[in-house]
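Okay, here's what each chain looks like letter by letter:
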Amino acid sequence: MAVRYDLAVGLKKGHKTTKNVTKPRPSRRIGKLSKRTKFVRDIVREVAGFAPYERRCMELLKVSKDKRALKFLKKRTGTHLRAKRKREEMSNVLVQMRKAHKPAAS
């Protein structure tokens, strides 16, 4: 077998060292939803309801105009990604509303 030497060139060149494991910075958890924040947002949504543009979006989704809803939301929220997230959120709300009304009808 050939003897392996430390090479002076290539991807793994240089003195062999061990990686220094660092703790993740606090900035890494920005945007992570805490239990308290979720609770507060749910209460606010329950009390205040939906904004007019959100209600219009739900109407568009009810008549399965998904693309029109996306275009409408993109204009209101400013970016394509925000609009996609909002459309997904509104469609989830509609699904929950349907689930809530089904037992009452039966």
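Fair warning: this is a prediction, and the values are worked out from it, not measured in the lab.

As for unusual backbone geometry
1) Next: A positive phi angle, near 50 degrees, is found at serine 64, a position not held by glycine.
2) Next: Within the secondary structure, serine 64 sits in the loop between helix H2 (52-62) and helix H3 (66-77).

Describing the confidence of the model for the protein chain
1) Next: This prediction gives the protein chain a mean pLDDT of 90; 92% of its residues lie at or above 70.
2) Next: Confidence, read as mean pLDDT per element, is least for helix H4 (residues 80-105) in the protein chain (90) and greatest for H3 (97).

Digging into the side chain of glutamate 54
1) Next: Tracing the sequence through the fold places glutamate 54 in helix H2.
2) Next: Judged by relative accessible area, which is 5%, glutamate 54 ranks as buried.
3) Next: Contacts of glutamate 54, omitting those with residues within four sequence positions, involve Arg45, Lys86 and Met90.

What about the packing of H2 against H3?
Two packed helices can be described by the angle between their axes and the distance between those axes.
1) Next: It is the contact of H2 with H3, at a shortest axis distance of 8 Å, that shows an interaxial angle of 165 degrees. In this view, H2 runs roughly antiparallel relative to H3, as classed from their interaxial angle. Here H2 runs over H3; the crossing is left-handed. Contacts from Tyr53, Arg56, Cys57, Leu60 and Leu61 in H2 reach Asp66, Arg68, Ala69, Phe72, Leu73, Arg76 and Thr77 in H3.
2) Next: Taken together, the residues that form the contact of H2 with H3 break down as 7 nonpolar, 1 polar and 4 charged.

Conventions adopted
Residues numbered from 1 in each chain as written. Predicted model: local features only at pLDDT ≥ 70, side-chain atom pairs only at ≥ 80, totals over all residues. Heavy atoms only, no water. Helix = DSSP H or I, 4+ residues; strand = E, 2+ residues; numbered from the N terminus. pLDDT = per-residue confidence, 0-100. Buried < 20%, exposed > 50% of the residue type's maximum accessible area, 1.4 Å probe, protein only. Contact = heavy atoms within 4.5 Å. Axes fitted to C-alpha atoms, helices over the stretch in contact; angles between N-to-C directions. Parallel < 35°, antiparallel > 145°, perpendicular 65-115°, else oblique. Left-handed = near helix turned anticlockwise from the far one by under 90°. Nonpolar A, V, L, I, M, F, W, Y, C, P; charged D, E, K, R; others polar.

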